[in-house]
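# Structure assessment
Each chain is listed here by its residues.
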Amino acid sequence: MSRAEAPHTGERGDPVEEPAVAAPGAGPRPQAARRPSPLWSLGLLRSELLTTFRRWRTVALLAVLAAVPVLVGIAVRIETSDGSAPGGGGGGGEGPAFISQVSNNGLFLVFTALAATLPFFLPMAVGVVAGDAIAGEASAGTLRYLLVAPAGRSRLLLTKYATVLVFCLAATLVVAVSALAAGALLFPVGDLITISGTRITYAEGLGRALLIALVVAASLVGVAALGLFVSTLTGSGIAAMATTVGLLITVQILDQIPQLDALQPYFFPHYWLSFADLMREPVYWDDLVKNLGLQALYAAVFGSAAWARFTARDITA
């Protein structure tokens, strides 16, 4: 047998299998693409949810949010113990208008608590969770290992955002349920008088309270997208959280400056308190629709920016 005809052997004399050569004119051999199954994606989301809600920081944030309605209820109870009316009875559907009704019906504590927590406590909690979503993994050195899984960057980012949105809903419901329990314990409950002066049943009031809680949770979608985008810009979780909360406070301040009234309708917190229009008869939908549309716009813009940044980012940690 000639040298050209002899099989190739390894160091130990065993024949070594030669790679198959494609026939002339044949295309490249197909390779099996490793695609994550839907069940795997649900498992990733479940893992992210468990990780987020098991953190002591998350538990502490939810505990603070649950305590706010209780403190508000106790304060109103003490203030009205002599029969006086709590707060001011201002109109416009803001916090004071709800506070003036709390002593008459405990269900109004739900609306008051949401009005009290939405300007700062709720968005701050969401900003902390969203800011830590990507940057926290990078600072802990686990982001690179997450990307080894077959999810890919886009799917991982979408899972992180979905986790933050679930937290938005959970945080809002914690405030609402805590306020509902405190209101029932501290004040009488029954039929409600809406802001417009019409009477609705307690069951209808509960339905509107749930709808208001959902609207408040949807109002945090823009903050969640903004925090996620900031989280893709840095490898420090603390820096991302601080930046997100700082931006939130800055925009809130700008939204109160009269000279910027032309720009204020484009600030994400401008229509937050429009949820009070759900307690009118009939319901005023104009500002509610503007609020939801604005949150969708912020989610689209900053969600796209987060995706563009994260997919092009050099992951070293």
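Predicted, not measured: the structure shown is a model, and the values here were computed from it.

### So, helix α11 (residues 286–312)
With 27 residues, α11 extends 39 Å between its outermost C-alpha atoms, agreeing within 8% with the 39 Å of an ideal straight helix rising 1.5 Å per residue. Within α11, burial applies to Leu288, Asn291, Leu294, Gln295, Tyr298, Ala299, Ala306 and Phe310.

### Overview of the packing of helix α5 (residues 121–140) against helix α10 (residues 237–254)
Packed helices, taken two at a time, are described by the angle their axes make and the gap between the axes. Axis separation between α5 and α10 bottoms out at 7 Å; the angle between their running directions is 150 degrees. The angle between α5 and α10 places the two elements in the roughly antiparallel class. Along this stretch, α5 crosses α10, giving a crossing that reads as right-handed. Judged by residue contacts, Pro123, Met124, Gly127, Val128, Gly131, Asp132, Ala135, Gly136 and Ser139 of α5 engage Gly237, Ala240, Met241, Thr244, Val245 and Leu248 from α10. Along the lines of polarity and charge, the residues of the contact of α5 with α10 split into 8 nonpolar, 6 polar and 1 charged.

### Details of helix α8 (residues 202–218)
With 17 residues, α8 extends 24 Å from end C-alpha to end C-alpha; this agrees with the ideal 24 Å at 1.5 Å per step. Listed in full, the buried residues belonging to α8 are Gly205, Arg208, Ala209, Ile212, Ala213, Val215, Val216 and Ala217.

### Overview of the side chain of glutamine 295
Within the secondary structure, glutamine 295 sits in helix α11. Accessibility expressed as a relative area gives 1% for glutamine 295, which makes it buried. At a separation of 2.9 Å, a polar atom in the side chain of glutamine 295 contacts the main-chain carbonyl oxygen of phenylalanine 268. In contact with glutamine 295, not counting residues within four places along its chain, are Ala218, Ser219, Val221, Gly222, Phe268 and Trp272.

### As for the pattern of salt bridges
In total, this model carries 6 salt bridges according to the counting rule given. Between arginine 57 and aspartate 132 there is a salt bridge, with its nearest N and O atoms 2.7 Å apart. Taken together, the residues span a long stretch of sequence, with arginine 57 in helix α2 (residues 56–79) and aspartate 132 in helix α5 at a distance of 75 residues. For arginine 208, the salt bridge goes to glutamate 204, with nearest N and O atoms at 3.2 Å. Of the two residues, arginine 208 and glutamate 204 both sit in helix α8, 4 residues apart, roughly one turn of that helix. Residue arginine 208 is classed as buried on the basis of its relative accessible area, which comes to 11%.

### Overview of the confidence of the model for the protein chain
Summarising the model, the protein chain shows a mean pLDDT of 81, and 77% of its residues fall at 70 or more. In the model, residues 1–33 has pLDDT below 50 throughout and makes 11 contacts with residues more than four positions away in sequence or in other chains. In this model, residues 88–96 is a region of pLDDT below 50 whose contacts with residues beyond four sequence positions or in other chains number 13 contacts.

### Concerning the nonpolar core
Phe111 and Phe275 are the most contacted members of the largest nonpolar core, which totals 71 residues. Leave out the neighbours within four places in its chain, and phenylalanine 111 touches Phe98, Leu192, Gly205, Ala209, Ile212, Phe275 and Met279.

### Focus: a nonpolar patch on the surface
On the surface, Leu169, Leu173, Val177, Leu210, Leu211, Leu214, Trp285 and Val289 cluster together to form a nonpolar patch covering roughly 720 Å² of accessible area. For the nonpolar patch, the elements supplying multiple residues, two or more each, are α7 (152–186) and α8. For leucine 173, a relative accessible area of 32% corresponds to the partly exposed category.

### What about unusual backbone geometry?
In this structure, proline 282 follows glutamate 281 across a cis peptide bond, with omega equal to 0 degrees. Relative to the helices and strands, proline 282 resides in the loop between α10 and α11.

### Structural notes on the environment of alanine 116
Position of alanine 116 among the secondary structure elements: in helix α4 (residues 108–117). In this structure alanine 116 comes out as partly exposed when scored by relative accessible area, which is 36%. In sequence terms alanine 116 and proline 69 are 47 residues apart; their C-alpha atoms lie 8.6 Å from each other.

Cut-offs applied
Residues numbered from 1 in each chain as written. Predicted model: local features only at pLDDT ≥ 70, side-chain atom pairs only at ≥ 80, totals over all residues. Heavy atoms only, no water. Helix = DSSP H or I, 4+ residues; strand = E, 2+ residues; numbered from the N terminus. Expected span 1.5 Å × (residues − 1). Buried < 20%, exposed > 50% of the residue type's maximum accessible area, 1.4 Å probe, protein only. Axes fitted to C-alpha atoms, helices over the stretch in contact; angles between N-to-C directions. Parallel < 35°, antiparallel > 145°, perpendicular 65-115°, else oblique. Left-handed = near helix turned anticlockwise from the far one by under 90°. Contact = heavy atoms within 4.5 Å. Nonpolar A, V, L, I, M, F, W, Y, C, P; charged D, E, K, R; others polar. Polar contact = N/O pair within 3.5 Å; in protein donor to acceptor, adjacent residues only side chain to side chain. Salt bridge = Lys/Arg side-chain N within 4 Å of Asp/Glu carboxyl O. pLDDT = per-residue confidence, 0-100. Core = buried A, V, L, I, M, F, W, Y, C linked by side-chain atoms within 4.5 Å. Patch = residues over 30% accessible without salt bridge, like charges linked within 9 Å, V, L, I, M, F, W, Y side chains within 5 Å. Areas by Shrake-Rupley, 256 points an atom, 1.4 Å probe, with all protein chains shown as cover.

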